[in-house]
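Read off the chains here:
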Amino acid sequence: MFLSLGTVSQAQEEDLDQYFEMSLDELINLEISVASKTAEAYINSPSSVYVFTATEIERMGVRSVEELLNYVPGYFTGLDIEQGKAYRIGARGRSTALSESVLFLVNGNRLNDLYTGGVSIINRLIPVENIKQIEVIRGPGSSLYGSNAFLGVVNIVTKENVNDIQLSYGNFHSVSVAGNFSKSYENVDINAFVKGFSNDGYEFDEFTDLVGRTSDMTDQERGFDAMLGVDYKGLKVEMRHHEREFRGFYGLGGVADFNNSEESFQTMLNFSYRLAVTEKLKLNFKVGRRVETWKTKAVIFPAGYDGWTEDFFAGPFMKSSANSLNVDAAYLLADKNELLTGLSYEQGGISKAVSLTTHDYVEFNYFGGIREYELPFNNTDDRRHVWGFFIQDKHSFNDHLKLTFGARLDSYSDFGTSLNPRGAIIYNTPWKGILKLMYGQAFRAPNYLELYDQNNPVDYGNTALDAEEIKTMEVAYTQNFTIFSVTATYFHNTIENLIFLDPDAPPVRAENNPLLAPTFYNLPGNINTSGVEVGVTYRPSGKFTFTGTFSELMDDFTYIPKRMISARTNFKFWKLNLNINGIYHGEIRQVSDQSGYVVLNTRLHIKFDDITFFGSVNNLTDELYRTPTTLSDVGVVNRGRLLSFGLKVNL
């Protein structure tokens, strides 16, 4: 368990003075739900959990969920160029461009896309202005949530009963407008959120791309988000739309400025109904549908490079959809014994999977412009059907000893089944200490890309793949004092059947692999990652708070720093609030000629009644740093100093 001092109730978020009067004892007993799908005190959750809420997110001035995750122990995020500008999200020793090993949820609804299984391709720059609370599991979560809850789970809980508008403007013509709106009519509660933003992109002068060309480059961004929730006597309808458009940058390694482009969107519709059958039995029904589109074109070989007479552009054009059904039941066996069980079904598939390209992939003939390649590069005939069943028992023997154990069985129509148990023993000492012993297993199902890719110059699918599996053991101890709290966690992961693209293996010779692209395999041996995570919180008075984290990897790790540190210092005086925060990431083996880097940020705001004026500086020292990519050991250059100012009005 780690304590983030942003963990406050909705009412407390709107009053910083009340927030700062809360003691550490009050904070650690606030409720979360991600660790066991039921409300429980933060201190007694049966997982390693880290929590942020709106108050702390706003004070820090972070611009996206991806950026915020760098302040979670064991987590790492940085830019990658996976066929466009994407955030690589890693945890506890493993980091991939698709971020398919961490499950993202919004109000319990899955965000990870169907084609990659990850969150980085479709859901980029996830907004923070409508977030009430973010609950992050560090470690396996498949015993409750199924596939992709492999190294962690990020559950975003959105605001309710809030009315505000936030406007900001920054360098590079960065403009953002966001608003939360709510209304109640007798038994009907309506909550809405909308955000739009755009910027002309950071100016990278004299940038050398991965094919050796030097030119100026920008990374223009535009986005739109909207959410609507309607709640009537336990019946709730939630709609979410998320779309992004990026231009410039160097999505496949080559700079083509604004001719490189990427568009993506995801639309979700979810119905849920909460029913209290008796005082002891409660049911929750949920039906959902999501659709996704991903469309990219980026230069692979520019004109003039190695004999090419025209720019060679390529990229995917993908459409997918999924329908889901979930039924959970919570039964109170005794005053201190709760049984939770659930059944789920999901059906999904790829409706369109082609390549956008200017050239034929076999003969390299120029088409005269970009068009859809006639050969599909994914099998769109197969629909994936997934059944899941879980059971969990939570038992409190007394005020000091608590036990949680359970398991989940998932059955996939295209690769088989996976059984994942978990257990946790929690002991509260008489001297305000908490000892946790935790064990869990998780899996990651092979995604559509790994199973079915074909006619693709980059990779070739393997329908014989097994699911990745992980076994995790954790020991955590928290000691709380009046003004100080410290937590230390040790974890050890054993990963089996790791899926990897092997460029050195003999390619599969098949008609639908004309360019003899490398294929995916399960690694025959095991991968071990272990590490230590430490978190501290210090509050000598209601005007000052310091929060810090330290993470150290001890075994195998790839595309992630061995050592990571984060710190946040908050000063409150008069009507002013000053927050200084930053991260240190140590050397990354896959990025050449770079030791470690420090990124500092600051935000100052002043509040007068219902109006708050603020100014932020991200990357205060204009640090030039690079994050890893599989395309090159040079790494991906990240943005320099960004300035913004604006105001927030509570309506």
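The structure presented is a predicted model; accordingly, all values stated were derived computationally and were not measured. (Residues numbered from 1 in each chain as written. Predicted model: local features only at pLDDT ≥ 70, side-chain atom pairs only at ≥ 80, totals over all residues. Heavy atoms only, no water.)

> Got a sec to walk through the overall build of the protein? Specific residues and values, please.
Per the secondary structure count, the protein includes seven helices and 39 strands. Here the C-alpha atoms of the protein give a radius of gyration of 24 Å, agreeing with the 26 Å that 2.2 N^0.38 yields for 651 residues. The principal-axis extent of the C-alpha atoms belonging to the protein is close to 75 × 55 × 55 Å. Scored against the burial criterion, the 651 residues of the protein give a buried share of 57%. (Helix = DSSP H or I, 4+ residues; strand = E, 2+ residues; numbered from the N terminus. Rg over C-alpha atoms; globule rule 2.2 N^0.38 Å. Buried < 20%, exposed > 50% of the residue type's maximum accessible area, 1.4 Å probe, protein only.)

> Please provide a residue-by-residue account of unusual backbone geometry, values included.
Most of the time, phi is negative for any residue but glycine, and the peptide bond is trans. Backbone geometry at Asn148 places phi at a positive 75 degrees, although glycine is not the residue there. Looking at the secondary structure, you find Asn148 in the loop between helix 6 (142-145) and strand 10 (152-158). Using a relative accessible area of 7% as the deciding quantity, one classes Asn148 as buried. Positive phi, normally seen in glycine, also occurs at Glu206, with a value near 50 degrees. By the secondary structure assignment, Glu206 is in strand 14 (residues 204-208).

> Any details on the packing of aromatic side chains? Residues and values, ideally.
Inspection of every chain in the model, using the stated rule, returns 24 aromatic pairs. Seen from their ring centres, Phe312 and Phe364 are 6.3 Å apart, and the 75 degrees between their planes marks the pair as edge-to-face. A residue pair is termed long-range when its members are at least 10 positions apart, and Phe312 in strand 20 (residues 312-334) and Phe364 in the loop between strand 21 (337-359) and strand 22 (366-372) qualify at 52 residues. When the ring centre of Phe317 is taken as origin, the NZ or CZ atom of Lys295, which lies over that ring, is 5.0 Å away. (Phe/Tyr/Trp six-rings, centres within 6.5 Å; stacked < 30°, edge-to-face > 60°. Lys NZ or Arg CZ within 6 Å of the ring centre and 35° of its normal.)

> Quick one: what's the story with the nonpolar core, residue by residue and with numbers?
Grouped together as the largest cluster of nonpolar side chains are 47 residues, with contacts concentrated most on Val65, Leu69, Phe104, Ile134 and Val154. If sequence neighbours within four positions are ignored, Val65 has contacts with Phe104, Ile126, Pro127, Val128, Ile131, Ile134 and Ile156. (Core = buried A, V, L, I, M, F, W, Y, C linked by side-chain atoms within 4.5 Å. Contact = heavy atoms within 4.5 Å.)

> Let's hear about the side chain of Asn107: which residues, and what values?
Mapped onto the elements of the fold, Asn107 is located in the loop between strand 7 (102-106) and strand 8 (109-110). Among the polar contacts listed, one links the side chain of Asn107 to the side chain of Thr158, at a separation of 3.0 Å. Setting aside residues up to four positions removed in sequence, Asn107 forms contacts with Asn155, Ile156, Val157, Thr158, Met227, Glu238 and Lys286. (Polar contact = N/O pair within 3.5 Å; in protein donor to acceptor, adjacent residues only side chain to side chain.)

> Pulling in residues and values, what's your account of the environment of His605?
Here His605 shows up in strand 35 (residues 597-608). Separated by 27 residues in the primary sequence, His605 and Leu578 have C-alpha atoms spaced 6.7 Å apart. A distance of 3.0 Å separates the side chain of His605 from the side chain of Arg603, its partner in a polar contact.

> Describe the sheet that holds strand 3 (residues 49-53), and please don't skip the residues or the numbers.
Hydrogen bonds between backbone groups are what pair the strands of a sheet, and the pairing can be parallel or antiparallel. Pairing is mixed across the open sheet formed by five strands, whose spatial order is 3-9-10-7-8. The outermost strands of the open sheet, each flanked by one partner alone, are strand 3 and strand 8. Looking at chain direction, strand 9 (residues 131-138) and strand 10 are connected through seven bridges and run antiparallel. Following the sheet pairing, Val136 is matched in strand 10 by Val154. (Pairing = 2+ DSSP bridges.)

> Could you give me a rundown of a nonpolar patch on the surface, with the residues and numbers involved?
A cluster of nonpolar side chains, Phe397, Leu401, Ile425, Tyr427, Leu435, Leu437, Tyr439, Met473, Val475, Tyr490 and Met554, forms an exposed patch at the surface whose accessible area comes to about 910 Å². Mapped onto the nonpolar patch, the elements with two or more residues apiece are strand 25 (416-428), strand 26 (433-444) and strand 27 (468-480). For the nonpolar patch, the leading source of residues is strand 26, giving three residues. Tracing the backbone through its elements, the reader meets Val475 in strand 27. (Patch = residues over 30% accessible without salt bridge, like charges linked within 9 Å, V, L, I, M, F, W, Y side chains within 5 Å. Areas by Shrake-Rupley, 256 points an atom, 1.4 Å probe, with all protein chains shown as cover. Salt bridge = Lys/Arg side-chain N within 4 Å of Asp/Glu carboxyl O.)

> Account for the pairing of strand 39 (residues 642-650), with residues named and values stated.
As judged from the seven bridges shared by strand 11 (residues 164-170) and strand 39, these two strands associate in the antiparallel manner. Within the sheet, the bridge partner assigned to Gly170 lies in strand 39 and is Ser644. Pairing analysis gives eight bridges linking strand 36 (residues 611-618) to strand 39, with the strands arranged antiparallel. Across the sheet, Gly615 pairs through a bridge with Phe645, a residue of strand 39.

> Describe in detail the confidence of the model for the protein, supporting the description with residues and values.
Do not read the predicted coordinates in detail wherever pLDDT is low. Looking at the protein, pLDDT values average 89 and 94% of them are 70 or higher. A low-confidence stretch, residues 3-21 (pLDDT under 50), is modelled with 65 contacts involving residues beyond four sequence positions or located in other chains. (pLDDT = per-residue confidence, 0-100.)

> With reference to specific residues and values, describe the pattern of salt bridges.
If you walk through the whole model with that rule in mind, you get 30 salt bridges. Note that Arg290 is salt-bridged to Glu346, the shortest N-O span being 3.3 Å. Of the two residues, Arg290 is situated in strand 19 (residues 281-301) and Glu346 in strand 21; the sequence distance between them amounts to 56 residues. Look at Arg290 and you get buried, because its relative accessible area is 7%. With relative accessibility at 18%, the residue Glu346 sits in the buried group. Each of the salt bridges in this network shares a partner with another, and the network as a whole consists of Lys85, Asp219, Glu221 and Arg639.

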